[in-house]
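As a plain string of letters, each chain reads:
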Amino acid sequence: MNRIFSGVQPTGNLHLGNYLGAIKNWVGMQNDYECIYCIVDLHAITVAQDPVELLANTREVTAGLIAAGIDPERSIIFNQSQVASHAELAWLFNCITPLGWLNRMTQFKEKAGKKRDNAVLGLYAYPVLMAADILLYRATHVPVGEDQKQHLELSRDIAGAFNRLYDQEYFPLPEPLILGEAKRVMSLRDGRAKMSKSEASENSRINLTDDAETIQRKIRRAKTDSEPGMSLDAENRPEAANLLGIYAALNDESVEVVAARFTGKGFAEFKLELADLAAAKLKPIAAEMRRLMASTDHIDDILKKGGARAAAMAEPNLAEIKKIIGLLDP
Ligand code: TYM
């Protein structure tokens with residue numbers, strides 16, 4: 001059976017990058033795969049978090065996934081810290097992951113910045129915990145945005161290292177699924193920077209909870225260039241290509257079809273249509289999120305049930321992994 005695992009950090013508002021790069025794809029996969037979706041709170045604390053906000057964000061991201069169409073009956077939705085096996089397997093993997101592999105991780109280099117000695121060990125080991133998330137369930141496919149590609153390659157390397165070390169095909173090598181027309185949604189303020197929760201300017205991203213007016217304002221102000229018309233040329237006209245990609249992904253069309261439709265039209269007209277489209281697509285999600293957020297008990301209950309289902313899958317696997325390693329579990 002093909003099994004999907006993917007995760008999202010509860011570190012602030014879900015934005016259009018999370019939605020188009022990942023969550024929107026997760027929804028459709030529920031028809032074809034057994035799906036496990038995880039709110040990765042242990043990953044979130046690799047950078048400082050306010051405890052009250054972390055808790056609120058965990059619930060909000062859960063509401064966002066459900067509002068976007070993840071069905072907690074069909075799929076498993078839970079927060080990572082509930083299932084202790086994730087952290088335990090991460091330790092086991094820490095013991096077989098060469099530092100050289102981690103030193104290549106661009107996300108660590110970006111996040112740690114120049115003050116590398118001040119970066120915490122958890123941030124460095126972040127991709128090892130990610131490998132543990134996926135491999136704990138022996139997941140076969142991992143739908144993510146393009147920015148997670150390198151981390152997934154590391155997960156495959158760790159799976160391969162374990163299999164070789166213990167001379168068996170225990171872990172499948174998980175396949176990344178990087179899908180859709182918005183694999184890497186860029187900032188609205190800079191077509192060469194990823195849309196991200198950590199960028200200071202709110203105008204750089206559209207949040208799933210933004211109302212129509214806010215969406216219109218952000219898109220109106222989105223950076224463009226001085227060339228006439230729209231373009232698919234991400235290299236030379238990244239802002240134009242990014243807006244086209246967002247439109248195409250939101251409307252389930254190819255970028256070529258959208259580009260053809262807007263041939264000869266300027267940014268002003270395109271932006272008006274994009275803003276209307278984004279507002280129409282996000283409005284029901286935001287409304288459902290608000291409805292769900294009104295009952296935190298209900299959200300907590302979904303996470304608890306999801307956690308129990310996840311643990312029931314994870315624990316026998318971890319017991320088997322420990323046995324392979326030679327750890328006594330009488
Ligand atoms: P996170 O929380 O940064 O992002 C969640 C998902 O959203 C995608 N994404 C984007 N896609 C396109 N354009 C963007 N601008 C953009 N920004 C974010 C991410 O690629 C991701 O799919 N390390 C992961 C969480 C994680 C995980 C895992 C994922 C933990 N364990 C196991 C898969 C499997 C992360 O930081 O996601």
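Since the structure is predicted, the reported quantities are computational estimates derived from the model, not experimental observations.

Chemist: What's the story with the overall build of the protein in this structure? I'm lost.
Modeler: The number of helices and strands found in the protein is 14 helices and five strands. The C-alpha radius of gyration of the protein comes to 21 Å, within 12% of the 20 Å expected for a compact globule of 330 residues. Each of the three principal axes of the protein carries a C-alpha extent, and together these read 70 × 45 × 40 Å. For the protein, the proportion of its 330 residues judged to be buried stands at 52%. By sequence separation, contacts in the protein at least 24 residues apart represent 75% of the contacts at least 6 residues apart. Counting 39 positive and 44 negative side-chain charges, the protein places the centres of these two groups 3 Å from one another.

Chemist: Whenever I open this one, the layout of surface pockets confuses me. Can you help?
Modeler: In this approach, a probe sized like a water molecule rolls over the atoms, and the result shows the empty space that is left. When its volume is computed, the largest pocket comes out at roughly 1,200 Å³. The wall of the largest pocket is formed by 48 residues, among which Gln-9, Gln-107, Asp-147, Gln-148 and Lys-194 lie closest to the centre. Secondary-structure elements contributing two or more residues to the lining of the largest pocket are strand 1 (3-8), helix 1 (16-29), helix 3 (51-68), helix 6 (106-112), helix 8 (126-136), strand 4 (141-143) and helix 9 (149-165). Taken together, the residues that form the lining of the largest pocket break down as 17 nonpolar, 20 polar and eleven charged. By volume, the second largest pocket amounts to about 360 Å³. Glu-181, Arg-184, Ala-234, Ala-241 and Asn-242 are the residues nearest the centre of the second largest pocket, which is lined by 19 residues in total. Take the lining of the second largest pocket: its biggest share by element is six residues, from helix 11 (residues 238-250). Of the residues contributing to the lining of the second largest pocket, the split by class is ten nonpolar, four polar and five charged.

Chemist: How do you make sense of the site of the ligand when you look at a structure like this?
Modeler: With respect to spatial proximity, 27 residues lie near the ligand, and among them Gln-9, Tyr-126, Asp-133, Asp-147 and Val-185 are the closest. With respect to the ligand, the side chain of Gln-148 contributes an N or O atom lying 3.0 Å from a nitrogen atom. Measuring from a nitrogen atom of the ligand, one finds a backbone N or O atom of Val-185 at 2.8 Å. For the ligand, whose unbound accessible area comes to 700 Å², protein coverage reaches 96%. Of the pockets mapped on this structure, the ligand occupies the largest pocket. Elements with a contribution of two residues or more to the shell around the ligand: strand 1, helix 1 and helix 8.

Chemist: Just to check I follow, could you spell out the packing of helix 1 against helix 11 for this structure?
Modeler: Angle between the axes and distance between the axes are the two parameters that describe a pair of packed helices. Where helix 1 contacts helix 11, the axes come no closer than 11 Å and their chain directions differ by 45°. Judged on the interaxial angle alone, helix 11 and helix 1 are oblique. For the pair helix 1 and helix 11, the sense of crossing is left-handed. Here Leu-16, Tyr-19, Leu-20 and Lys-24 of helix 1 come into contact with helix 11, specifically with Ile-246, Ala-249 and Leu-250. Here the residues of the contact of helix 1 with helix 11 are counted per class, giving six nonpolar, no polar and one charged.

Chemist: Honestly, helix 11 in this entry has me stumped. Any pointers?
Modeler: Taking 1.5 Å as the rise per residue, helix 11 with 13 residues should run 18 Å; its terminal C-alpha atoms sit 18 Å apart, in good agreement. In terms of burial, helix 11 is largely enclosed, as 13 of its 13 residues are buried. Immediately downstream of helix 11, the backbone of Asp-252 shows phi near 55°, a positive value.

Chemist: For this particular structure, what's the right way to read the environment of His-298?
Modeler: Mapped onto the elements, His-298 comes out in helix 14 (residues 296-325). For His-298, a relative accessible area of 40% puts it in the partly exposed group. When the C-alpha positions of His-298 and Ile-158 are compared, they lie 37 Å apart, and in sequence the two are 140 residues distant.

Chemist: Please explain the state of the cysteines as it appears in this structure.
Modeler: Each disulfide consists of one covalent bond between the sulfur atoms belonging to two cysteines. As enumerated under the stated definition, the model contains zero disulfides in all. Not part of a disulfide, Cys-35 finds its nearest cysteine sulfur in Cys-38, a span of 14 Å. Judged by relative accessible area, which is 3%, Cys-35 ranks as buried.

Chemist: What exactly am I supposed to notice about the pairing of strand 3 (residues 76-79) here?
Modeler: Here strand 3 shows two buried faces, one formed by Ile-76 and Phe-78 and the other by Ile-77 and Asn-79. In terms of strand pairing, strand 2 (residues 34-39) meets strand 3 through four bridges, oriented parallel. Counterpart to Ile-36 in the pairing with strand 3 is Ile-76.

Criteria and thresholds
Think of each chain on its own: its residues are numbered from 1, step by step along the sequence as written. Since the coordinates come from a predicted model, pLDDT governs what is reported: local features require at least 70, and pairs of side-chain atoms require 80 or more to be given and counted, while whole-chain, interface and lining totals use all residues. For side-chain calculations, the full set of non-hydrogen atoms in the structure is used, while hydrogens and water are omitted. A helix here means a DSSP run of H or I that spans at least four residues, while a strand means a run of E at least two residues long, and both kinds are numbered starting from the N terminus. The size measure is the radius of gyration over C-alpha atoms, and the globule rule it meets is 2.2 Å times the number of residues to the 0.38 power. To sort residues, take the accessible area from a 1.4 Å probe on protein chains only and compare it with the maximum for the residue type: under 20% means buried, over 50% means exposed, and anything in between is partly exposed. Contacts were defined at the residue level, with two residues in contact if any of their heavy atoms lie within 4.5 Å. His is not counted, nor are the chain ends; Lys and Arg add positive charge and Asp and Glu add negative charge. To locate a charge, take NZ of a lysine, CZ of an arginine, CG of an aspartate or CD of a glutamate. Only protein atoms enter the 1 Å grid used here, on which a cavity is any set of points holding a 1.4 Å probe that cannot leave and a pocket is any open set flanked by protein within 12 Å on both sides along at least five of seven lines; residues with an atom within 4 Å of a point are listed as lining. Grid points are joined across faces, edges and corners, and a volume is the space filled by probe spheres set on the points. Each residue is assigned to one of three groups, with Ala, Val, Leu, Ile, Met, Phe, Trp, Tyr, Cys and Pro labelled nonpolar, Asp, Glu, Lys and Arg labelled charged, and all others, Gly among them, labelled polar. When at least one non-hydrogen atom of a residue lies within 4 Å of a molecule or strand, that residue is treated as near it. Under the rule applied, a polar contact is a pair of N or O atoms within 3.5 Å (in protein, one hydrogen donor and one hydrogen acceptor; residues adjacent in sequence only if both atoms are side-chain atoms). The Shrake-Rupley method, run with a 1.4 Å probe sphere, supplies the accessible areas, and residue values consider only the shown protein chains as cover. Molecules are considered to sit inside a cavity or pocket once more than half of their atoms lie within 2 Å of its grid points. Simply put, an axis is a line fit to the C-alpha atoms, just over the touching stretch for a helix, and the angle between two N-to-C directions goes from 0 to 180 degrees. The cut-offs work like this: below 35 degrees is roughly parallel, past 145 is roughly antiparallel, 65 to 115 is roughly perpendicular, and the gaps in between are oblique. By definition, any crossing whose near helix is turned counterclockwise from its far helix by less than a right angle is left-handed, and any crossing with a clockwise turn is right-handed. What a helix should span is 1.5 Å times the count of its residues minus one. By convention in this document, the label disulfide applies to cysteine sulfur atom pairs within 2.5 Å. Two strands form a pair only when DSSP identifies at least two bridges running between them.

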